[in-house]
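Examining the three-dimensional arrangement
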Amino acid sequence: MSKSSKKAYWSGYVPPYGYRYNSANKSLDIDQNENEILLSIFSLARANKSALEIAKELNRHGIKTRRGKMWNYTTISNLLSKDRIAFAAGIIDDKPGANWEPIIDKSQYHDLRKIELSREKSKHHRKRDSLLTGQNILKCGYCGGAVKSAKTKKNVGEIYYYRCSDKQIRGADYCPESKLIQQSKVDDIVINNLSQILNNPLLLKQLTEYNRKSTELFTNRMSQIQDKITSLLMIEKNLFTNKEMVDEEIKSLKKDRKKIIDQIDSLLSPDDIPFRISKKQINISVIKKTISRIEIFEKYVTIHFSIPIDENLKTTENFNYG
Ligand SMILES: [Zn+2]
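Now for a description of the structure that goes with this document. (Residues numbered from 1 in each chain as written. Predicted model: local features only at pLDDT ≥ 70, side-chain atom pairs only at ≥ 80, totals over all residues.)

**Some remarks on the environment of Lys 114**
Note that Lys 114 resides in helix H6 (residues 106-125). For Lys 114, a count of 11 C-beta atoms within 10 Å translates into the label exposed. Taking the C-alpha atoms as reference points, Lys 114 and Lys 82, 32 residues apart in sequence, are found 9.9 Å from one another. (Helix = DSSP H or I, 4+ residues; strand = E, 2+ residues; numbered from the N terminus. Buried ≥ 20, exposed ≤ 12 C-beta atoms within 10 Å, placed from the backbone.)

Now the structure itself:
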């Protein structure tokens, strides 16, 4: 861990929750309303309430975030992070001496730190066990939220499930249609169908044509972006303009360019597919190049392929669980 990341600091853009910027004194003052909420979050955490439980508690009382939204797991976790606790205790780099008024004392700080450490630890113990997790391709079919792994112990041993993480974060009432779906069912469907599709001799022909068209499209877009960047640079050089605005636009164009380069890289080339691909040969890299999104529903999955899968160049298909 770098030294600077240990420091509690204020970046100077948005005042930390619980504080308000006083432009007259150029100081950070305590915001009475937010401070009261923050202190109750801290005391609930010290009473061993989880981030989700705290969020629910605040929402039950109609208390909103600074932006007027409902609290959730993430917004509470952020306020209980190492940096935020250190800030609230007025600690810089493990030494007291901040130039803002602390709102918690040393012993409160150490309590919260312990809780934060144990939460971090349990985070690292969560296992990834499927080819499909951690790729950002699994989505809840009902709300579009990310899908995460869950493990339950049954008498037959450990069983892994997929579940809607938005439901988990926002509570049981959120996304009521989503259920725990056994991981092996989803994984089997995906691997079996993908291997069938990749072993279809028609695919190679289609893929060659598809690649040619996509590459053409991407190349055109690249040169459009390049032209725009060149002309913006000319404007910047020759005219009296708002340099920051032009720089901002160039930056965003360069981002678009990077995205297109990634898209070109991720095109599945016919060379990537051996004459016959076995199920065992289907690894993360093959999945990333062939599937863009998998939506999980209770009785079926919808797979969005990034390659055409039949003669009509279809890219989306539903598959029922066996
Ligand atoms: Zn959902």
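More follows now that the structure is in view.
**Here we look at the environment of Asp 310**
Counting through the fold element by element, Asp 310 comes out in the loop between strand S10 (300-305) and strand S11 (316-320). By C-beta crowding, Asp 310 is classed as partly exposed, having 13 other C-beta atoms within 10 Å. Taking the C-alpha atoms as reference points, Asp 310 and Leu 202, separated by 108 residues in sequence, lie 7.7 Å from one another.

**Some thoughts on the packing of helix H9 (residues 201-238) against helix H10 (residues 243-265)**
One way to put it is that H9 packs onto H10 with a least axis distance of 10 Å and a crossing angle of 165°. Between H9 and H10, the angle falls in the class roughly antiparallel. Helix-helix and strand crossings are classified by hand; for H9 and H10 the assignment is left-handed. When H9 is examined against H10, the residues Thr 215, Phe 218, Arg 221, Met 222, Ile 225, Lys 228, Ile 229, Leu 232, Ile 235 and Glu 236 are found in contact with a partner set consisting of Lys 243, Val 246, Glu 249, Ile 250, Leu 253, Asp 256, Arg 257, Ile 260, Gln 263 and Ile 264. A per-class count over the contact of H9 with H10 returns 11 nonpolar, 2 polar and 7 charged. (Axes fitted to C-alpha atoms, helices over the stretch in contact; angles between N-to-C directions. Parallel < 35°, antiparallel > 145°, perpendicular 65-115°, else oblique. Left-handed = near helix turned anticlockwise from the far one by under 90°. Contact = placed C-beta atoms within 7 Å. Nonpolar A, V, L, I, M, F, W, Y, C, P; charged D, E, K, R; others polar.)

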